[in-house]
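# Results of the structural survey
Each chain, written out:
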Amino acid sequence: YDTNGKVDLHLIKKLDGLSIEAGKYTFTLTEVTDATGNTVKPNGHIEANVPNDANGKVTFQTITYGLADMDKDANGNVQDTTKYYKVVEDQGSNPGVVYDYTPQIITVLLHDNTKGKIETTTTPEDLDDIVVTNTYDAKGKIELEGTKFLEGRKFKKGDHIEITIKAVKPATAP
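Owing to the predicted nature of the structure, the values given are computational and were not obtained by experimental measurement.

Looking now at the pattern of salt bridges. Overall, the coordinates contain five salt bridges when judged by the stated rule. When the shortest N-O distance is used, the salt bridge between Lys-13 and Glu-89 registers 2.9 Å. Residue Lys-13 is found in strand β2 (residues 10-16), and its partner Glu-89 is found in strand β9 (residues 81-89); the two are separated by 76 residues along the sequence. Taken individually, Lys-13 and Glu-89 each receive the classification buried, so the pair is uniform in this respect. Close ionic contact of Glu-143 with Lys-141 constitutes a salt bridge, the shortest N to O distance being 3.8 Å. With a relative accessible area of 67%, Glu-143 lands in the exposed category. We classify Lys-141 as exposed; its relative accessible area is 74%. The network of salt bridges with shared partners includes Glu-31, Lys-41 and Lys-83.

What follows is the structure, encoded as structure tokens:
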């Protein structure tokens, strides 16, 4: 008897305050031993440097499962099996971006339907619910200095001068 199944995992990358660009952010998916995500599973699935697309979607390679991936009871009978995957955004260096490095845990339940297929169920069920949001928060300051000259007469009490500063070329974010 042989059985197999697969799961496609993904998440959504968002960037508040700036448009997201394809390939600007990358993520690593690591198989871990439990829902805390603290211990990497020896010889488990690892996929590194997976980039976002132009819409912010990060799609990992399909993970396939076989009979060897299923837990067995003392008699060797296949049991439902839970797999855990931790996803973390890779270290970034985009100026002005505040990164969210909070680990996201995806749980995959494997169930052998006894008809040669391993059925998979993810938690969260809708992977679009996994959203990693960075914030663009550039800061800067400018100090302007100038001198106003009045020609043809002296400045009188009650005179009012208004100065408007306009950018010749609009500033753009990196």
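Anyway, onward from the coordinates.
Once that is clear, we can look at the sheet that holds strand β5 (residues 57-59). The four strands are arranged β5-β2-β13-β10 in an open sheet whose pairing can be described as mixed. Here the strands that pair on one side only, and so sit at the sheet edges, are β5 and β10 (97-98). Relative to strand β13 (residues 131-136), β10 runs antiparallel, the two being bridged by two bridges. The residue bridging Val-97 from the neighbouring strand is Tyr-136, located in β13.

What follows is about the packing of aromatic side chains. According to the stated counting rule, one finds two aromatic pairs in the structure shown. For the pair Tyr-99 and Tyr-101, a centre-to-centre distance of 5.6 Å together with 10° between the ring planes defines the contact as stacked. Here the aromatic residues Tyr-25, Tyr-99 and Tyr-101 are joined through ring pairs into a cluster of three or more. Against the face of Tyr-25 rests Lys-13, its NZ or CZ located 5.0 Å from the ring centre.

Criteria and thresholds
Residues numbered from 1 in each chain as written. Predicted model: local features only at pLDDT ≥ 70, side-chain atom pairs only at ≥ 80, totals over all residues. Heavy atoms only, no water. Salt bridge = Lys/Arg side-chain N within 4 Å of Asp/Glu carboxyl O. Helix = DSSP H or I, 4+ residues; strand = E, 2+ residues; numbered from the N terminus. Buried < 20%, exposed > 50% of the residue type's maximum accessible area, 1.4 Å probe, protein only. Pairing = 2+ DSSP bridges. Phe/Tyr/Trp six-rings, centres within 6.5 Å; stacked < 30°, edge-to-face > 60°. Lys NZ or Arg CZ within 6 Å of the ring centre and 35° of its normal.

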